[in-house]
Amino acid sequence: MTKHFKTFGVIGAGAWGTAIAQMLAREGQTVHLWALEPEVADAINTARENTLFLKGVPLKPEIRATNRLEDLGTADAIFAVAPAQHTRVTLRALRASLRPGTPVVLCSKGIELATGEFMTQVLKDELPEAVPAVMSGPSFAIDVARGLPTAVTLAMEDAALGTELIQAISTPTFRPYLGTDLLGAEIGGAVKNVLAIACGIALGKGLGRSAHAALIARGYAEMTRLALALGAEAETLTGLSGLGDLVLTCSSETSRNMSLGLALGKGEALGDILAARNAVTEGVATAPVLRRLARARGIEMPISEAVAAVIEGEISVDEAITALLMRPVKAEAVKS
Ligand SMILES: NC(=O)c1ccc[n+]([C@@H]2O[C@H](COP(=O)([O-])OP(=O)(O)OC[C@H]3O[C@@H](n4cnc5c(N)ncnc54)[C@H](O)[C@@H]3O)[C@@H](O)[C@H]2O)c1
Ligand SMILES: O=P(O)(O)OC[C@H](O)CO
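Given the structure is predicted, the values throughout are model-derived calculations rather than measurements.

*Asks:* How do you make sense of the site of ligand 2 when you look at a structure like this?
*Replies:* Around ligand 2, the neighbouring residues are Lys109, Gly137, Pro138, Ser139, Phe140, Lys192, Asp245, Leu248, Thr249, Ser255, Arg256 and Asn257. Between serine 139 and ligand 2, the recorded distance is 3.1 Å, taken from a backbone N or O atom to an oxygen atom. At 2.6 Å, a side-chain N or O of serine 255 approaches an oxygen atom of ligand 2. The fraction of the free accessible surface of ligand 2 (310 Å²) that becomes covered by protein chains is 92%. Judged by its atoms lying within 2 Å of the grid points, ligand 2 is housed in the largest pocket. Elements supplying a minimum of two residues to the shell around ligand 2: α10 (240-251) and α11 (256-265). Per-element tally for the shell around ligand 2: the top contributor is α10, with three residues. The residue makeup of the shell around ligand 2, split by class, is three nonpolar, five polar and four charged. Among the domains, domain 1 (7-180) and domain 2 (184-325) are the pair contributing at least three residues each to the shell around ligand 2.

*Asks:* Explanation requested: the site of ligand 1 in the structure shown.
*Replies:* Near ligand 1, the surroundings consist of 21 residues, among which Ala15, Trp16, Glu37, Val280 and Glu282 are the closest. Between ligand 1 and arginine 256 there is a distance of 3.1 Å, counted from an oxygen atom to a side-chain nitrogen or oxygen. Given that more than half its atoms are within 2 Å of the pocket grid, ligand 1 belongs to the largest pocket. Counting residues per element, the shell around ligand 1 draws most heavily on helix α1 (residues 15-24), which supplies three residues. Residue-level mapping places the shell around ligand 1 at the junction of two domains, with at least three residues from each of domain 1 (7-180) and domain 2 (184-325).

*Asks:* Would you explain the layout of surface pockets in this entry?
*Replies:* Regions of empty space are outlined by a rolling probe, equal in size to a water molecule, passed over the atoms. Estimated volume of the largest pocket: approximately 1,100 Å³. For the largest pocket, the lining is made up of 44 residues, of which Ala15, Trp16, Pro83, Arg256 and Val280 are closest to its centre. Secondary-structure elements contributing two or more residues to the lining of the largest pocket are α1, α3 (84-92), α5 (141-145), α7 (182-204), α10, α11 and α13 (282-297). Residue composition of the lining of the largest pocket, by class: 21 nonpolar, 16 polar and seven charged. A domain split of the lining of the largest pocket shows at least three residues from each of domain 1 (7-180) and domain 2 (184-325). Roughly 660 Å³ of internal volume is contained in the second largest pocket. If you trace the second largest pocket, you find 26 residues lining it, with Leu215, Arg218, Ile303, Leu324 and Arg327 closest to the centre. Going through the elements one at a time, α7, α8 (209-230), α14 (302-311) and α15 (317-325) are the ones with two or more residues in the lining of the second largest pocket. The leading source of residues in the lining of the second largest pocket is α8, at six residues.

Definitions and cut-offs
Residues numbered from 1 in each chain as written. Chains lettered and ligands numbered in written order. Predicted model: local features only at pLDDT ≥ 70, side-chain atom pairs only at ≥ 80, totals over all residues. Heavy atoms only, no water. Near = heavy atom within 4 Å. Polar contact = N/O pair within 3.5 Å; in protein donor to acceptor, adjacent residues only side chain to side chain. Areas by Shrake-Rupley, 256 points an atom, 1.4 Å probe, with all protein chains shown as cover. 1 Å grid on protein atoms, 1.4 Å probe; cavity = no way out; pocket = protein on both sides within 12 Å on 5 of 7 lines; lining within 4 Å. Sits in = over half its atoms within 2 Å of the grid points. Helix = DSSP H or I, 4+ residues; strand = E, 2+ residues; numbered from the N terminus. Nonpolar A, V, L, I, M, F, W, Y, C, P; charged D, E, K, R; others polar. Domains from an automatic or database assignment. Points joined across faces, edges and corners; volume = space filled by probe spheres on them.

The analysis is restricted to geometry; functional conclusions fall outside its scope.
This is the structure we're talking about:
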């Protein structure tokens with residue numbers, strides 16, 4: 001049976017949730033956007049601007065902001081865009097109102113620190129009757145909100161339903177490509193944030209573009225090792241949600257993860273960097289849990305290990321660089 005997607009719910013009115021709501025909003029469709037902060041919902045509904053998280057973008061009239069998660073319960077599809085560490089609690093709050101079989105598209109990029117779970121597992125725990133999907137790829141919120149061309153992976157097990165959803169949400173400038181490997185898509189999105197911190201550190205330290213390129217390539221190798229060990233498909237990692245997002249995030253100062261690394265490399269303290277920004281930097285929470293996961297499975301992820309050690313205050317940036325450079329040289333294609 002054909003599913004008609006007319007009403008959407010977006011959980012989280014940060015930069016990305018707001019950009020997704022803007023992309024979804026078009027004539028004849030309604031988008032309910034849940035904001036944690038009353039002033040954000042108010043500004044979107046009255047001034048039609050998200051003055052806290054996405055300043056300067058006039059928002060479409062189809063977007064209705066709310067502070068009540070239950071207002072999203074009747075949507076034909078939900079986009080879950082709260083930061084990874086807050087995803088569980090927001091999904092749980094929807095349990096009483098969401099219709100069974102509603103697609104929930106996970107858009108946050110991270111691993112839950114307390115449990116080590118990826119977002120698909122969190123969704124399964126909290127809303128077992130939802131249809132899971134993952135949307136991930138190289139996409140800065142400001143680019144999508146301004147209508148600049150963007151392509152992402154949208155992974156859903158039911159390819160027919162995924163195709164219908166993509167037809168309902170795609171525009172000439174927002175192009176989701178269908179996949180069925182949810183795990184691969186979410187691993188790419190979570191791991192690239194940690195690797196972007198490493199790339200930022202290297203550039204902030206003045207190690208040069210050769211070192212930067214080496215970090216991207218060796219980072220891609222460790223991301224792929226983890227993905228294959230956890231049962232994801234290699235093709236997913238070569239796509240938009242893997243290599244595509246890794247390249248974007250590791251190469252642009254627009255990335256919060258990359259810019260945090262840059263500041264660390266220049267000698268700023270982690271606490272000061274975080275205190276000065278009003279934006280989530282997912283790699284900071286993901287790095288320690290990623291290290292835990294890799295160690296538990298015996299997967300070698302030296303770059304992520306080094307980032308975790310710096311974030312946890314176990315070693316300095318200089319010690320992390322020395323540790324990486326002192327690693328024994330070995331064959332490039334070694335798998336573990
Ligand atoms: N910004 C981007 O360009 C972009 C692009 C793709 C994916 N993402 C991912 O989207 C997710 C959200 O990032 P963002 O950039 O929209 O956030 P943001 O940094 O713009 O805003 C922070 C968000 O966190 C929310 N928040 C803070 N405390 C909370 C709590 N206790 N419970 C629920 N929500 C809380 C705020 O309400 C706000 O929506 C992240 O996982 C990020 O990796 C971001
Ligand atoms: O700003 P970042 O580092 O959270 O990255 C944003 C997006 O994930 C890029 O695809």
